[in-house]
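Report on the structure
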Amino acid sequence: MNLFVANWKMHMTREQARAYAEALGELIDDGIPGAELVLAPPFTALEAARDREGRWSLAAQNLSEHASGAFTGEVSAEMLADSGCRYVIVGHSERRTLFGEDGPRLAGKVARARDFGLVPIYCVGETGAERLAGETAATLARQLETLRDDPAMEPLVIAYEPVWAIGSGLAATPVDSAAAAKRIAELLPTRGDLRILYGGSVTAGNAAELLGRGRVNGFLVGGASLDAGAFAAIARSGAA
Ligand code: PGA
């Protein structure tokens, strides 16, 4: 069963989220065989994006590395679990580059997610400059070091998202994404339940090809996921 996560980023009011959920429900009917669907709305639209029939689950896009306390503007793992989240995205490249999130803080976020049974969708990926310098494998190894203390038997999702492919319209080639997924699996040899997603300019047009090879188990979809029809089409073409 492949996994498809819709990362809405900072888009969608509650009303838009409700309309999306209704449209997605009609498009997938009883669900798409072989595809697990997850919506990752902004915090404010989590409730509106929920499916009472359980055909998709919810992810948050971020969480605090602290359990609770005087952290104005932050949202805790406990609050996310209480809001019905099953997953949480940790370390998206936008959090890393725009908000300065780094290894120790991300390790704290993963630990807090575990405290409340949330499955982390931990994002890794090299920048364009790192890729040109031949540093992709070293970057992945460094970013995965953050998971050193995370228990190996807990379910884990890694999203390989090359920074240069995010929102650029230029997806990695199937060969590149398969090679990175293989490398990630090799770097996490003791993991009992590991799924590896690809993310970066995934569309209904390239989804089947990107999943055709190797160890990619689904997608983290940004721009194309804002349209319920496009997201359903991606999941349908990548279902397995
Ligand atoms: P994109 O974003 O699909 O718009 O490239 C992917 C992501 O940032 O998760």
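Preceding block: the structure.
Residues numbered from 1 in each chain as written. Predicted model: local features only at pLDDT ≥ 70, side-chain atom pairs only at ≥ 80, totals over all residues. Heavy atoms only, no water.

Attention shifts here to the site of the ligand. In the neighbourhood of the ligand, 13 residues make up the surrounding shell, with Lys9, His92, Gly167, Ser201 and Gly223 lying closest. In the environment of the ligand, an oxygen atom lies 2.7 Å from a nitrogen or oxygen atom belonging to the side chain of Lys9. Contact distances for the ligand include 2.8 Å between an oxygen atom and a backbone N or O atom of Gly222. Bound to the protein, the ligand loses 95% of the 290 Å² it would expose on its own. (Near = heavy atom within 4 Å. Polar contact = N/O pair within 3.5 Å; in protein donor to acceptor, adjacent residues only side chain to side chain. Areas by Shrake-Rupley, 256 points an atom, 1.4 Å probe, with all protein chains shown as cover.)

Packed helix pairs are specified by the crossing angle of their axes together with the interaxial distance, meaning the distance between the axes. Helix H8 (residues 174–187) packs onto helix H7 (residues 136–145) with a crossing angle of 40° between their chain directions and a minimal axis gap of 10 Å. When the interaxial angle is binned, H7 and H8 end up oblique. Considering only the axes of H7 and H8, their crossing is right-handed. Contacts between H7 and H8 involve Ala137, Leu140, Ala141 and Leu144 from the first element and Ala180, Arg183, Ile184 and Leu187 from the second. Split into classes, the residues belonging to the contact of H7 with H8 amount to seven nonpolar, no polar and one charged. (Axes fitted to C-alpha atoms, helices over the stretch in contact; angles between N-to-C directions. Helix = DSSP H or I, 4+ residues; strand = E, 2+ residues; numbered from the N terminus. Parallel < 35°, antiparallel > 145°, perpendicular 65-115°, else oblique. Left-handed = near helix turned anticlockwise from the far one by under 90°. Contact = heavy atoms within 4.5 Å. Nonpolar A, V, L, I, M, F, W, Y, C, P; charged D, E, K, R; others polar.)

Moving on, we come to the sheet that holds strand E4 (residues 85–90). Taken in spatial order, the eight strands close into a barrel running E1-E2-E3-E4-E5-E6-E7-E8, and their pairing is parallel. Shown here is a sheet whose adjacent strand axes are inclined to one another by a mean of 25°, direction ignored. With three bridges connecting them, strand E2 (residues 35–40) and strand E3 (residues 56–60) associate as parallel partners. The residue of E3 that forms the bridge with Val38 is Ser57. In the packing of H7 onto the sheet, the strands contacted are strand E5 (119–124) and strand E6 (156–160), and the crossing angle to E5 comes to about 150°. (Pairing = 2+ DSSP bridges.)

Moving on, we come to the state of the cysteines. For the structure on display, the rule yields zero disulfides. Note on Cys85: no disulfide assigned, nearest cysteine sulfur contributed by Cys123 at a separation of 15 Å. A relative accessible area of 9% places Cys85 in the buried class. (Disulfide = S-S within 2.5 Å. Buried < 20%, exposed > 50% of the residue type's maximum accessible area, 1.4 Å probe, protein only.)

This part takes up the nonpolar core. The biggest cluster of nonpolar side chains holds 62 residues, and the ones touching the most others in it are Leu39, Ile158 and Phe219. Here Ile158 is in contact with Tyr122, Val124, Leu144, Leu147, Ile184, Leu188, Leu194, Arg195, Ile196 and Leu197, once residues within four sequence places are set aside. (Core = buried A, V, L, I, M, F, W, Y, C linked by side-chain atoms within 4.5 Å.)

Side-chain direction in a regular strand flips from residue to residue, so the side chains alternate between the two faces of the sheet. Within E2, six of the six residues are buried, leaving the element largely enclosed by the surrounding structure. Because side chains alternate across E2, one face comprises the buried residues Ala35, Leu37 and Leu39, and the other comprises Glu36, Val38 and Ala40, equally buried. Relative to E2, strand E1 (residues 2–7) is paired through six bridges, and the arrangement is parallel. Note that in E2 the partner of Val5 across the bridge is Val38. Once the chain exits E1 it traverses helix H1 (residues 14–28) before rejoining the sheet at E2, and the crossover so formed is right-handed. (Right-handed = clockwise from strand over helix to strand, strands pointing away.)

Our focus in this paragraph is the pattern of salt bridges. Summed over all chains, the structure comprises 17 salt bridges. We note a salt bridge from Arg142 to Glu130, for which the minimum N-O separation is 3.2 Å. Of this pair, Arg142 sits in helix H7 while Glu130 sits in helix H6 (residues 128–132), placing them twelve residues apart in sequence. The shortest N-O distance in the salt bridge between Glu186 and Lys182 comes to 3.2 Å. (Salt bridge = Lys/Arg side-chain N within 4 Å of Asp/Glu carboxyl O.)

You can see Asn7 is positioned in strand E1. Among the polar contacts listed, one links the side chain of Asn7 to the backbone nitrogen of Lys9, at a separation of 3.1 Å. Excluding its chain neighbours within four sequence positions, the residues that come into contact with Asn7 are Ala40, Gln61, Ile89, His92, Leu220, Val221, Gly222 and Ser225.

On to the packing of aromatic side chains, then. A full pass over the atoms with the stated rule returns four aromatic pairs. Measuring from centroid to centroid gives 6.5 Å for Tyr198 and Phe219, while their planes differ by 85°, and the two rings are edge-to-face. Here Tyr198, found in strand E7 (residues 194–199), pairs with Phe219, found in strand E8 (residues 218–221); they are 21 residues apart in sequence, far enough to count as distant. Take Tyr198 and Phe219: they sit in the same class, and that class is buried. Grouping aromatic residues by their ring pairs yields a cluster made of Phe4, Tyr160, Tyr198 and Phe219. Positioned over the ring face of Phe99 is Arg95, at 4.0 Å from the centre of the ring. (Phe/Tyr/Trp six-rings, centres within 6.5 Å; stacked < 30°, edge-to-face > 60°. Lys NZ or Arg CZ within 6 Å of the ring centre and 35° of its normal.)

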